[in-house]
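A structural walkthrough
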Number of protein chains: 4
Amino acid sequence: MLEHLKKIVYEANMELPRYGLVTFTWGNVSAIDREQGLFVIKPSGVDYDRLSPEDMVVMDLEGNRVEGSLNPSSDTATHLELYKALPLVGGIVHTHSSWATSWAQAGRGIPCYGTTHADYMYGEIPCLRCLTKEEIEGAYEKNTGLLIADYFKDKEYMAVPACLCKNHGPFAWGRDAAEAVHNAVVLEEVAKMAARCEQINPNVKPAPQKLQDKHYLRKHGANAYYGQR
Amino acid sequence: MLEHLKKIVYEANMELPRYGLVTFTWGNVSAIDREQGLFVIKPSGVDYDRLSPEDMVVMDLEGNRVEGSLNPSSDTATHLELYKALPLVGGIVHTHSSWATSWAQAGRGIPCYGTTHADYMYGEIPCLRCLTKEEIEGAYEKNTGLLIADYFKDKEYMAVPACLCKNHGPFAWGRDAAEAVHNAVVLEEVAKMAARCEQINPNVKPAPQKLQDKHYLRKHGANAYYGQR
Amino acid sequence: MLEHLKKIVYEANMELPRYGLVTFTWGNVSAIDREQGLFVIKPSGVDYDRLSPEDMVVMDLEGNRVEGSLNPSSDTATHLELYKALPLVGGIVHTHSSWATSWAQAGRGIPCYGTTHADYMYGEIPCLRCLTKEEIEGAYEKNTGLLIADYFKDKEYMAVPACLCKNHGPFAWGRDAAEAVHNAVVLEEVAKMAARCEQINPNVKPAPQKLQDKHYLRKHGANAYYGQR
Amino acid sequence: MLEHLKKIVYEANMELPRYGLVTFTWGNVSAIDREQGLFVIKPSGVDYDRLSPEDMVVMDLEGNRVEGSLNPSSDTATHLELYKALPLVGGIVHTHSSWATSWAQAGRGIPCYGTTHADYMYGEIPCLRCLTKEEIEGAYEKNTGLLIADYFKDKEYMAVPACLCKNHGPFAWGRDAAEAVHNAVVLEEVAKMAARCEQINPNVKPAPQKLQDKHYLRKHGANAYYGQR
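Residues numbered from 1 in each chain as written. Chains lettered and ligands numbered in written order. Predicted model: local features only at pLDDT ≥ 70, side-chain atom pairs only at ≥ 80, totals over all residues. Heavy atoms only, no water.

1. Some remarks on the pairing of strand β2 (residues 38–41) of chain C
Residues and elements named next belong to chain C. To be explicit about the condition: Between buried and exposed lies partly exposed: a residue is buried under 20% and exposed over 50% of the maximum accessible area for its type, with that area taken using a 1.4 Å probe on protein chains only. Secondary structure elements follow DSSP: runs of H or I no shorter than four residues count as helices, runs of E no shorter than two count as strands, and numbering proceeds from the N terminus. At least two bridges found by DSSP between two strands is the condition for calling them paired.
Of the two faces of β2, the one carrying L38 and V40 and the one carrying F39 and I41 are both buried. Counted along the chain from strand β1 (residues 27–33) to the antiparallel partner β2, the turn is four residues long, and its residue G37 has a positive phi close to 65°. Where β2 lies against strand β3 (residues 57–60), four bridges are found, and the strand directions are antiparallel. Residue L38 lies in a different strand from β3, and its bridge partner there is D60.

So this is what it looks like as structure tokens:
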């Protein structure tokens, strides 16, 4: 079942250690088949060097495990809510990558200080509030997903394909698993440079809006001219 | 004698350079066989790339070398006191890993700023005081062990499986050698993110207690649901 | 056409990931054949591990693609203006390397704090202003090139073979592609040490002019005595 | 001539890139044969991956090249003055390693904040003044050596086997080439942790003198008990 998607999700997961985004098992990638209404996700707490495509777990959008002998990622309910609320999302990544997590712990969104950020993400990457006591005591992972979904559902969520969860870490997404991982790598690089940039100039201001527009639209939308289109 | 444990301790020691926790010979791992009352530890000052399982030294809890031709780690007396005072500890790691040592030199415990920390360690990782002149002049390494043992013996020491020794560096422990190394890696990662997080937001506060509880208990205790249990 | 130069430009591009200067496709190197008035540049948005010498694109100085089936780098117009205005430049590099980009985002030039900098670059590496709204809305990449060219055309641009573009990132150049890459590596290293140096001593001052002169002239000019001349 | 020492010096030089202490050719190691009054040093500006033992240059203590077809390191006159003034020194290393150079550029000595430092170096690692205009205009490299020699000749220079030259970078030494490289690696690690430690606690004080004494003497001197002695 969904053999091709399992392979894709497996390979996207294996990119996380390759790009230095995870220590141990601290990350997971999923991707959805919108036609069948099923998504594939990494199993919980399995070492990357023991992972195989067959270990991937198939879930439906009610949260039932449809195939796979292993437990799905403990963050599965978060992924599920995002797929339900954000119909253009095809792949999701969660990590504890070092710089993005440092911003999440600091409780600050990442301002757009330059074109590296603007090339991929339009404006500040938001840091969402910590869950309330009640949200934590209840369906914690689901509530994390609802919080993110609620924030993004009326926004251009494919133009800001990432967020930080306060005191926790980053989520990133894309049209598919590979693009989601790509955005997670960009997020980490942007988080690193923003922190260093503030150290070099504590009074730094975000890049001019015009420059942000230019770079985002150079790579995205109808008139994009970056790459081999 | 204890061939299996020697192999385990050897392999745990070899993880230290692999995870970037040691420069030269600046680290050591031990593990105990509680039934026999013997522990196995790395020899002192031997390069990791020349180490073999047979080089491991077997010690009893009176500090006698029971087997092995090499001198045990100069920190052996510290390990010994921890094994005597903390009966659930099965493996111990000492390193001079860069970020954790920077906190130790700074004389500060590491606050719990997020879920990466809370997943493994319950609350602040304490920084213990420097030894007194008398403690240093006397049995220095033993006194280091007594200080740590004294601090933790009435606490949930398996829930905070690490500490910093002021002006010195970190110790971490676990149920066995592999878990101790795992915790040492977590400690270094957590130390790095806490320092960066304070740089990004100098007024940052620890994560809400409820969130700390949730994440710690998600991975530990009777109702844990992370991983393949 | 220009097979030898294509190979050189290909190899110079491949140095960028090797020296850790690029993530994904965030960099490009070009080199010019002054006699023929043609330059060779990396294609736009192609992964480094799929690149081959044949993929390199040949451009003339009017901005026409003379050979190659792929689109040239989106920054081609910037390279072109530099070649036109700065006749001693034989190779150009643009990257988003992490430390240099952090300075560019911070909007600050990099002061000369020591001999590592002075050995290669004479005095502060300038940070040029952000383009105006009009310049961004118009021929953006060309205007970036005009801004750099205008700043350097009456200066000793081979003695300061790099600059930062505010909110964007670094450009570096040299007599050929290899020297341009060499200077891009130096720039990143110098940017890193300058940031750390200011952290260690917030009141640090640039190195004495006499020391800067000595080190620059030890390696450059008629009386240079570094290396095997 | 001195084939054995050439091989040792070659291998010590090759350790520099292995430990991440050099970019390009920014470092050199030498070692002396005290009986013959000759020392061997790396040639100037030759890439590490093209270096061979035969390329090493043999110098006498008057600064004459006794053997070798390549120019010796441009820092040869500095090494020479150290060998002349400090009779216990058998090997010398100069690099532009990133953290140590950042302290040198900042113009500050590195305080002893912990046992990692105290295990190898007794007390603060000094930062020596910049040369005067006259010293720079004259025999610059020789004057650098004289400055270091003058500072250390009446001190326990084997107990503080390194220094920083303001606005320049570090020198380290030892009884032989391997020990000098070892000390250069320690210096870089100590420089990194001291900078981070000050960031974590801006009011940090050096480690207590008693602890510094204990750790230094645990590894050095008549009563040392670290390692396999």
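2. Brief notes about the interface of chain A and chain B
The parts lose accessible area when they come together, and the size of an interface is often stated as this lost area. The line we're drawing: The contact rule is simple, with two residues in contact once any of their heavy atoms fall within 4.5 Å. By convention, the term buried area covers the 1.4 Å-probe accessible surface removed from two parts as they join, with the contributions of both added. Salt bridge, as used here: a side-chain nitrogen of Lys or Arg that lies within 4 Å of a carboxyl oxygen of Asp or Glu. What qualifies as a polar contact is a pair of N or O atoms within 3.5 Å, subject to a donor-acceptor requirement within protein and to the restriction that residues adjacent in sequence count only when both atoms come from side chains. Amino acid classes used here: Ala, Val, Leu, Ile, Met, Phe, Trp, Tyr, Cys and Pro are nonpolar; Asp, Glu, Lys and Arg are charged; the rest, including Gly, are polar.
Across the contact, 34 residues belong to chain A and 33 residues belong to chain B. Buried area between chain A and chain B, summed over both chains or domains, comes out near 2,900 Å², and the portion from carbon and sulfur atoms is 55%. Among the residues of chain A in contact with chain B, F24(A), W26(A) and Q105(A) are the three that bury the most area, contributing 22% of the side total. Taken together, the links from chain A to chain B amount to three salt bridges. Measuring nitrogen to oxygen at the nearest pair gives 3.6 Å for the salt bridge that ties R218(B) to D75(A). Linking chain A with chain B are 17 residue pairs in polar contact (both at pLDDT 80 or more), by the criterion used here. Mapped onto the side of chain A that touches chain B, the elements with two or more residues apiece are α3 (98–106), α5 (133–137), α6 (140–152) and α7 (177–200) of chain A. Considering each element in turn, the side of chain A that touches chain B owes the most residues, seven residues, to α3(A). Residues belonging to the side of chain A that touches chain B are distributed by class as follows: twelve nonpolar, 16 polar and six charged.

3. Notes on the interface of chain A and chain C
Opposite the 33 residues of chain A that make contact, chain C presents 35 residues. Both sides together, the interface formed by chain A and chain C hides about 2,900 Å², and carbon and sulfur atoms give 55% of it. Considering only the surface of chain A that becomes buried against chain C, I200(A), K210(A) and Q228(A) emerge as the three largest contributors, covering 23% of it. E141(C) is paired through a salt bridge with R218(A); the nearest N and O atoms lie 2.7 Å apart. Counting across the chain A and chain C interface gives 17 residue pairs in polar contact (both at pLDDT 80 or more). Mapped by element, the contributors of at least two residues to the side of chain A that touches chain C are α4 (115–118), α7 and α8 (209–219) of chain A. For the side of chain A that touches chain C, the residue count by class is 15 nonpolar, nine polar and nine charged.

4. Quick notes on the side chain of T115(C)
Considering the arrangement of structural elements, one finds T115(C) in helix α4 (residues 115–118). T115(C) sits in the buried class, given a relative accessible area of 0%. Residues contacting T115(C), with those up to four places away along its chain left out, are L211(C), H215(C), H96(D), Y140(D), N167(D) and H168(D).

5. Observations regarding unusual backbone geometry
The backbone of L2(A) shows a phi angle near 55°, a positive value even though the residue is not glycine. Exposure remark for L2(A): the relative accessible area of 13% places this residue in the buried category.

6. A word on the sheet that holds strand β4 (residues 65–67) of chain D
Residue and element names in this part refer to chain D. This is how the line gets drawn: Working convention: axes come from line fits to C-alpha atoms, limited for helices to the stretch in contact. Angles between N-to-C directions cover 0 to 180 degrees.
Across the sheet, which stays open at both edges, the eight strands sit in the order β4-β3-β2-β1-β5-β8-β7-β6 with mixed pairing between neighbours. Because the sheet does not close on itself, it has two edges, and the strands there are β4 and β6 (127–128). Where strand β1 (residues 27–33) lies against strand β5 (residues 91–95), five bridges are found, and the strand directions are antiparallel. Within β5, the position partnered with G27 by the bridge is T95. Across the sheet, helix α6 (residues 140–152) is in contact with β6, β7 (162–165) and β8 (169–174); its angle to β7 comes to roughly 135°. On top of the sheet, helix α7 (residues 177–200) reaches β1, β5, β7 and β8; it is set at about 140° to β8, its chief contact.

7. Section: the relation of the copies chain A and chain C
Rules: Superposing copies: least-squares fit, C-alpha atoms only, residues required to have pLDDT of at least 70 in both.
Overlay of chain A on chain C (RMSD 0.0 Å): rotation 90°, translation along the axis 0.0 Å. Within this description, the copies of the chain are treated as partners about a four-fold rotation axis. Closest approach to the rotation axis within chain A is made by the C-alpha atom of Q199(A), at a distance of 5.7 Å. A share of only 3% of interface residues in chain A that are also interface residues in chain C marks the association as one of differing surfaces.

8. Thoughts on the nonpolar core
Put simply, the test is: Definition used in this section: a nonpolar core is a set of buried Ala, Val, Leu, Ile, Met, Phe, Trp, Tyr and Cys residues joined via side-chain atoms within 4.5 Å.
I110(A), I110(B), I110(C) and I110(D) are the most contacted members of the largest nonpolar core, which has 195 residues in total. With residues up to four places along the chain from it excluded, the contact list for I110(C) reads W103(C), H117(C), E124(C), I125(C), L164(C), L187(C), V190(C), A191(C) and A194(C).

9. Focus on the state of the cysteines
Where two cysteines share a covalent bond between their sulfur atoms, that bond is called a disulfide. Counted only if it meets this: When two cysteine sulfur atoms are found within 2.5 Å, that pair is recorded as a disulfide.
Applying the stated criterion to the full structure yields zero disulfides over all chains. This cysteine, C197(A), is not joined by any disulfide, and C127(C) carries the nearest cysteine sulfur, 10 Å off.

10. Points about the pattern of salt bridges
Evaluated as defined, the whole model comprises 54 salt bridges over all chains. A salt bridge links E198(B) to R108(B); its shortest N-O distance comes to 2.9 Å. A residue pair is termed long-range when its members are at least 10 positions apart, and E198(B) in helix α7 (residues 177–200) and R108(B) in the loop between α3 (98–106) and α4 (115–118) qualify at 90 residues. Judged by its relative accessible area of 15%, E198(B) falls in the buried class. Residues joined in a network through salt bridges with shared partners are E3(A), K6(A) and E67(A).

11. Side note on the sheet that holds strand β7 (residues 162–165) of chain B
All names here are of chain B. Taken in spatial order, the eight strands line up as β4-β3-β2-β1-β5-β8-β7-β6 in an open sheet, and their pairing is mixed. Edge positions in the sheet fall to β4 (65–67) and β6 (127–128), since each has one partner strand and no second. Across four bridges, β7 lies against strand β8 (residues 169–174) in antiparallel orientation. Opposite C165, over in β8, you have G169 as the bridge partner.

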